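Results of the structural survey
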Amino acid sequence: MTSFDSSPQLSIWRALLALTVVFVMLATTGWTAVRQNRGDASPLEATLAAWERGHIDGRALPDPGAPADRLARFFASLTAYQRDRLAARYPLAVGNMNGAPVALRYRANRIALKQARAIERRRMHDDRLSPIGKQDAERRMKRFGVMMRPDRQVLAFDPMGSGRMAEVLGDLDRASRVSVIVPGVDTDVLTFERTQRKYAAPVGMARSLYRAERRTDPRTRTAVIAWADYTTPVGLGVDAATSMRADDGAVRLDALVRALPGRTGVALYCHSYGSVVCGVAARRLPARVTDIAVAGSPGMRADNVSGLGTRARVWAARDSDDWIQDVPHMEVGGLGHGADPVSGGFGARVVSADRAQGHTGYFEPGTDSLSNFARIGVGAYDAVRCADGDAGCHDGISGTTAA
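Residues numbered from 1 in each chain as written. Predicted model: local features only at pLDDT ≥ 70, side-chain atom pairs only at ≥ 80, totals over all residues. Heavy atoms only, no water.

1. As for the overall build of the chain
The criterion, for reference: The helix count covers DSSP runs of H or I at least four residues long, the strand count covers runs of E at least two residues long, and both are numbered beginning at the N terminus. Residue exposure (1.4 Å probe, protein chains only): buried if accessible area is under 20% of the type maximum, exposed if over 50%, otherwise partly exposed. In what follows, residue pairs with any heavy atoms lying within 4.5 Å of each other are defined as contacts.
Counting secondary structure elements, the chain contains 13 helices and 10 strands. Across the 403 residues that make up the chain, the buried fraction comes to 53%. Residue pairs at least 24 apart in sequence account for 66% of intrachain contacts in the chain once pairs closer than 6 positions are excluded.

Take a look at the structure:
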């Protein structure tokens, strides 16, 4: 009897299984996801168009899509009063403009959030909306109200559709190391922060990591960004099975990293579909990205670390009861995301995720995964605990600071 483990038959079986899973997802949620992601032009796009026609004291405004360093020079040439006028006149444009001073972006986004909150308040009483629509407007109104508080540092905000958002913890201008959380499916302005299961949402992840980094090395000035500034897939449908959303997210992630102030090292923490975004972005990311850590990854659109085309250290974690391990780690005709990052053949530095539970438990306090991520974030590489007690995740790393 021929063994079913022979390579050709095993490959065919896996391909059929992967296609079956994908078609089931398409039949149930995929087409709904596509419809939900269609929409009109973004308010952000309208504001950027107004910016392109605008002036400040007779001086034409620069192309908002110009390189971040060119935009930084423009803002540096303005007086504080002029910068504040631009933030008040074009809040969505300035609040999302790579190259604008981060403190100015925070102020601009607070204005944009206030305006968006007023719109949602009016929608709550719009009789043309269904009860569910009014409830959604109320939830968004409350979310925007929370995010516009003086202690919140919103680095990016777009209210269009399900919305996009990014928030900074810590002093981004003075940080000596920066960590960026890249989340996965079903992340929007309403799920950006949660009261229940708070460590499954970007804000909870970022707060947990920020606290853990401070405990690990109080002397290191760190900043953490909860980055949900890309349109994530809705459910486990066609978007989640392809790199369509990741392709756009990778461009946006690269732009974010290149616009960060200073030359500090950056570590990316990519959860679930977020690891697809990081995998697609890896080849283009600047050298300041020293570490890419993935958790609960369905794949990074590569067969191995070499295929990512990055010089950054690549780390991977998965707990024992994460359902993602049952997803076929392969790519067939654009469906699926490739090899399993925790597999031996992939070549990532596999770290312990002991005490983490399920697919969203990696940033829970008390877990090995969070402790390891914090050590990576502050450059304490020799303290990272490898999976299964194997010291292989330390190979080629010397000292406790980034190379």
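2. Points about the packing of helix α10 (residues 244-259) against helix α11 (residues 274-281)
We count it as follows: Axis geometry follows a simple rule: fit a line to the C-alpha atoms, using only the stretch in contact for helices, then measure angles between N-to-C directions, giving values from 0 to 180 degrees. By the definition used in this description, the sense in which the near helix is turned from the far one sets the handedness, with an anticlockwise turn below a right angle giving left-handed and a clockwise turn giving right-handed. Amino acids outside the nonpolar list (Ala, Val, Leu, Ile, Met, Phe, Trp, Tyr, Cys, Pro) and the charged list (Asp, Glu, Lys, Arg) are all regarded as polar, and Gly is one of them.
In the contact formed by α10 and α11, the axes pass within 8 Å of each other and the chain directions differ by 65 degrees. Considering only the axes of α10 and α11, their crossing is right-handed. Every residue of α11 that contacts α10 at A246, D247, G249, A250 and L253 is listed here: V276, V277, C278, V280 and A281. Taken together, the residues of the contact of α10 with α11 sort by class into 8 nonpolar, 1 polar and 1 charged.

3. Comments concerning the environment of A156
The topology assignment puts A156 in strand β3 (residues 154-158). Separated by 10 residues in the primary sequence, A156 and A166 place their C-alpha atoms 4.9 Å from one another.

4. Details of the state of the cysteines
Working definition of a disulfide: a covalent bond connecting the sulfur atoms of two cysteines. Here is the rule: The definition used for a disulfide is geometric: two cysteine sulfur atoms within 2.5 Å.
Counted according to the given criterion, the structure contains 2 disulfides. Here C270 is linked by a disulfide to C278, with a sulfur-sulfur distance of 2.1 Å. In this structure, the disulfide formed by C270 and C278 twists by about -90 degrees around the S-S bond and is classed as left-handed. Judged on exposure class, the residue C270 and its partner C278 are both buried. Counting only the cysteines that form disulfides, in the order they appear in the chain, gives the pairing 1-2, 3-4.

5. Brief notes about the pattern of salt bridges
Two side chains that carry opposite charge are able to pair once their charged atoms sit near each other. Let me state the cut-off plainly: The salt bridge criterion pairs a side-chain nitrogen of Lys or Arg with a carboxyl oxygen of Asp or Glu, the two atoms within 4 Å.
Inspection of the entire model under this criterion finds 23 salt bridges. Salt-bridge contacts for E120 lead to R140; the nearest nitrogen and oxygen are separated by 3.1 Å. Residue E120 is located in helix α6 (residues 102-123), and its partner R140 is located in helix α7 (residues 131-147); the two are separated by 20 residues in the primary sequence. The buried category is assigned to E120, whose relative accessible area is 6%. Residue R140 is classed as buried on the basis of its relative accessible area, which comes to 7%. Among the ionic pairs, E193 bridges to R152, the shortest N-O distance being 3.0 Å. Pair noted here: E193 is in the loop between β5 (177-182) and α8 (202-216) and R152 is in the loop between α7 and β3, with a separation of 41 residues, a long-range link. In terms of burial, E193 and R152 fall into one category: buried. One continuous salt-bridge network, built from bridges that share partners, spans R143, R152, E167, E193 and R207.

6. A closer look at the packing of aromatic side chains
What counts is decided by this rule: Classification of ring pairs rests on two measures: the distance between centres of Phe, Tyr or Trp rings, Trp counted by its six-membered ring, which must be within 6.5 Å, and the angle between planes, read as stacked under 30 degrees, edge-to-face over 60 and tilted in between.
This structure, assessed with the given rule, holds 9 aromatic pairs. Between W51 and F74 the ring centres are 6.4 Å apart and the planes differ by 80 degrees, which places this aromatic pair in the edge-to-face class. With W51 in helix α2 (residues 43-53) and F74 in helix α3 (residues 68-76), this residue pair connects regions lying 23 residues apart in the sequence. Owing to a relative accessible area of 0%, W51 belongs among the buried residues under this scheme. With centroids separated by 5.3 Å and ring planes inclined at 70 degrees, the aromatic side chains of F74 and F75 adopt a geometry described as edge-to-face. Of the two residues, F74 and F75, both sit in the buried class.

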